[in-house]
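So the chains spell out like this:
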Amino acid sequence: MGMHNMTTKPIFLLPLLLIISTYTISASNTSLNIQLFDKTTLNGSLHDLLDTSLGETLAQAQNAHQLISNMNLSSFNDDRAKTAWNDCRYLYQDAIDQLNRSIASINNRLDVQTWLSAVMANQETCQNGFLDFGLPPLSSQSFYLHLTNANMSKFLSNALAINKAISSTSSSAKENRNPRLLANDFPQWVSTGDRILLQSSGNPGKAADIVVAQDGSGSYKNISEGLVKAATMSGTKRIVMYVKRGIYKENVVVDKYLKNLMLIGDGIDATIVTGSNNVQNGYSTFGSATFSGHGNGLIVRGMTFENTAGAEKHQAVAVLSTGDNSVFYQCSFKGYQDTLYVHSNRQFYRDCDIYGTVDFIFGDAVAVIQNCNIYLRQPMPKQKNTITAQGRTNPDANSGIVVHRSRVTAAPGEAPVENYLGRPWQLYSRTVFIMCIIDDLIAPAGWLEWEGDFALTTLYYGEYMNTGGGADTSGRVKWPGFHIIASAGEAAEFSVQNFLAGDRKV
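All values derive from a computational prediction rather than experimental measurement.

Looking now at the packing of aromatic side chains. Taken as a whole and judged by the stated rule, the model has 20 aromatic pairs. With a centroid separation of 5.9 Å and 70° between ring planes, the pair formed by Phe 433 and Trp 447 is classed as edge-to-face. Of this pair, Phe 433 sits in strand β25 (residues 430-434) while Trp 447 sits in the loop between β26 (437-438) and β27 (460-464), and the two are 14 residues apart along the sequence. With respect to class, Phe 433 is no different from Trp 447; both count as buried. What links up through ring pairs into an aromatic cluster is the set Phe 291, Phe 305, Phe 328, Phe 333 and Tyr 349. Above the ring of Tyr 355, the side-chain terminus of Lys 334 is found at 5.6 Å from the ring centroid. Taking NZ or CZ as reference, Arg 350 lies 5.2 Å from the ring centre of Phe 186, over its face.

What follows concerns the confidence of the model for the chain. Model confidence for the chain is summarised by a mean pLDDT of 88, while 87% of its residues fall at 70 or above. Residue range residues 3-41 is modelled with pLDDT below 50. Its contacts to residues more than four positions away, or to other chains, number 90 contacts.

A separate point is the environment of Val 368. You can see Val 368 is positioned in strand β19 (residues 366-370). Separated by 126 residues in sequence, Val 368 and Phe 494 place their C-alpha atoms 8.5 Å apart. Residues within four places of Val 368 in sequence aside, it is in contact with Gln 347, Phe 348, Tyr 349, Val 402, Val 496, Phe 499 and Leu 500.

If you walk through the whole model with that rule in mind, you get 3 cavities of 30 Å³ or more. In this structure, the largest cavity is lined by 13 residues; those nearest its centre are Ala 121, Glu 124, Thr 125, Asp 364 and Trp 425. Counting residues per element, the lining of the largest cavity draws most heavily on helix α3 (residues 109-132), which supplies 5 residues. Here the lining of the largest cavity is built from residues that sort into 4 nonpolar, 7 polar and 2 charged.

Reading across from one edge, β3-β4-β7-β10-β13-β16-β19-β22-β25-β27-β28 is the order of the 11 strands in this open sheet, with parallel pairing throughout. The sheet terminates laterally at β3 (210-212) and β28 (482-484), the two strands that pair on one side only. The average undirected angle you get between the axes of adjacent strands in this sheet is 10°. Where helix α5 (residues 192-199) meets the sheet, it contacts β4 (239-243), β7 (261-264), β10 (299-301) and β13 (326-329), and its direction lies at approximately 20° from that of β10. Contacts from helix α6 (residues 223-231) reach β3, β4 and β7, with the element oriented near 165° to β4.

Another aspect to go through is the state of the cysteines. Counted under the stated rule, the structure contains 1 disulfide. Across a sulfur-sulfur distance of 2.0 Å, Cys 88 and Cys 126 are joined as a disulfide pair. Disulfide Cys 88 to Cys 126: torsion about the S-S bond roughly 95°, handedness right-handed. Note that Cys 88 is positioned in helix α2 (residues 79-104) and Cys 126 in helix α3, a separation of 38 residues in sequence. Exposure class is identical for Cys 88 and Cys 126. Each is buried. Counting only cysteine sulfurs, Cys 372 is the nearest neighbor of Cys 352, a cysteine outside any disulfide, at a range of 4.5 Å. In this structure Cys 436 is not part of a disulfide, and its nearest cysteine sulfur, from Cys 372, lies 9.5 Å away.

If you check the backbone angles, Asn 260 has positive phi at about 60° while not being a glycine. Within the secondary structure layout, Asn 260 lies in the loop between β6 (252-254) and β7. Of note, Asn 371 is a non-glycine position whose phi angle comes to about 55°, a positive value. Along the chain, Asn 371 falls in the loop between β19 and β20 (373-376).

Once that is clear, we can look at the pattern of salt bridges. A complete count under the given rule lists 18 salt bridges for this structure. Among the salt bridges present, the one from Arg 80 reaches Asp 78, with a minimum N-O distance of 2.8 Å. Judged by its relative accessible area of 32%, Arg 80 falls in the partly exposed class. A residue is classified by how much of its surface remains accessible, and Asp 78, at 26% relative accessible area, is partly exposed. Each of Arg 101, Asp 111, Asp 324 and Arg 346 takes part in salt bridges that share partners, so that together they form one network.

On to the pairing of β27. Judged by how many residues are buried, β27 sits mostly within the fold: 5 of 5 residues are covered. Here β27 shows two buried faces, one formed by Tyr 460, Gly 462 and Tyr 464 and the other by Tyr 461 and Glu 463. Bridging between β25 and β27 involves 5 bridges; their strand directions are parallel. Considered in β27, the bridge of Arg 430 is made with Tyr 460. The pairing of β27 with β28 spans 3 bridges and is classified as parallel. From the neighbouring strand, Glu 463 faces β28, where its bridge partner is Ile 484.

Cut-offs and rules
Residues numbered from 1 in each chain as written. Predicted model: local features only at pLDDT ≥ 70, side-chain atom pairs only at ≥ 80, totals over all residues. Heavy atoms only, no water. Phe/Tyr/Trp six-rings, centres within 6.5 Å; stacked < 30°, edge-to-face > 60°. Helix = DSSP H or I, 4+ residues; strand = E, 2+ residues; numbered from the N terminus. Buried < 20%, exposed > 50% of the residue type's maximum accessible area, 1.4 Å probe, protein only. Lys NZ or Arg CZ within 6 Å of the ring centre and 35° of its normal. pLDDT = per-residue confidence, 0-100. Contact = heavy atoms within 4.5 Å. 1 Å grid on protein atoms, 1.4 Å probe; cavity = no way out; pocket = protein on both sides within 12 Å on 5 of 7 lines; lining within 4 Å. Points joined across faces, edges and corners; volume = space filled by probe spheres on them. Nonpolar A, V, L, I, M, F, W, Y, C, P; charged D, E, K, R; others polar. Pairing = 2+ DSSP bridges. Axes fitted to C-alpha atoms, helices over the stretch in contact; angles between N-to-C directions. Disulfide = S-S within 2.5 Å. Salt bridge = Lys/Arg side-chain N within 4 Å of Asp/Glu carboxyl O.

Right, dumping it as structure tokens:
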């Protein structure tokens, strides 16, 4: 992530004062005045407005993608600019796909809120690519593209607010505040069959459709070749790829159109995927990942992913995840700054090891990290370690990072000095630590400012029933956005079942 990125989206344009009889939604150069008389009229009006906002957002995304695609990148003298523009082209295509999916699934409110939040993350990531390299942002390249992007932001903010308003009128969409939900559990969208595969102690090769092995005992010697084969099999069926023990020196990309893939390794530090791409060497943060998982329904078990660029190279991602309903189970993520990029959509991490220094769990996904070991490493001189940097830019987005029943400690053999639970990358940054063991290496203040008083009143940072030498909240920051969560019922809003809500299969 950019070290000094404080860009923010416009404040959402739909007032959520549903008890008032009239409100205005602004979009482009028009205003729509809707009279709200009762719940039926309200829902009908909001549905019509949501349809309009989604349609206009899609049109603007298509326009932006077309403008970017028509650019003559060969005319750029700076390869870094080409890299940033190529990221934008991918991200706007993905935005189009997410919006089409939202329109086709308009009655699945929680799903739509997730996918619209992902579109907003894509917009922000496009801008971040330029900031990574200290280049002029997208908005300065073309006035028409800037106008298109601004209009898209307005309609997208409207759509997020309207969909949230519709959801709030439905009792079925409200959180279950049963404190028992704070138990360890997989998301409900992980099927029984997938759970069996994840937790099986048998030979992974028996269930595998594809076997990758460096020693020649499989069908392919590297993971990327196996993914080419998997792409020919992609459909509704779960595709299982077994990656035997070994060190795979490759940058792996699971394409967004390759859905329902399961990768099974031989365990942490047995099956290792390693790379060293980083921003200092000309890769964007988004493009630096050793492993990029874009396909919906991706499940990974028993693998280590590392970026060996080192602390001095700054942003260097080990794993980037954008696919909806993704699961990483018994995996290890090793890096320094920006190790694990939880970019967008719903993600679940269980029984994993996560190593890093600065902002090493970051992004704008709906992410739950459960029963994991979070290892703080030695940073560069004068650097402060921050575990999380959550990137929510809109209060109606449903994204956030939940760290649940995990352990925060120093990496073996290392003694990092000044460490914090997180800092606000964006205006509505949201992160909670629930029932974790936090060692005394965490500073008493707990959380660190990004710059000055930026986001301190708009963020949501929470702690609940944590233990250990670093869990004492008496010396915590006094920011308006920081919360010592008072009850199990309130904490249950961030449980796996509630925060990762939605049982739609991908």
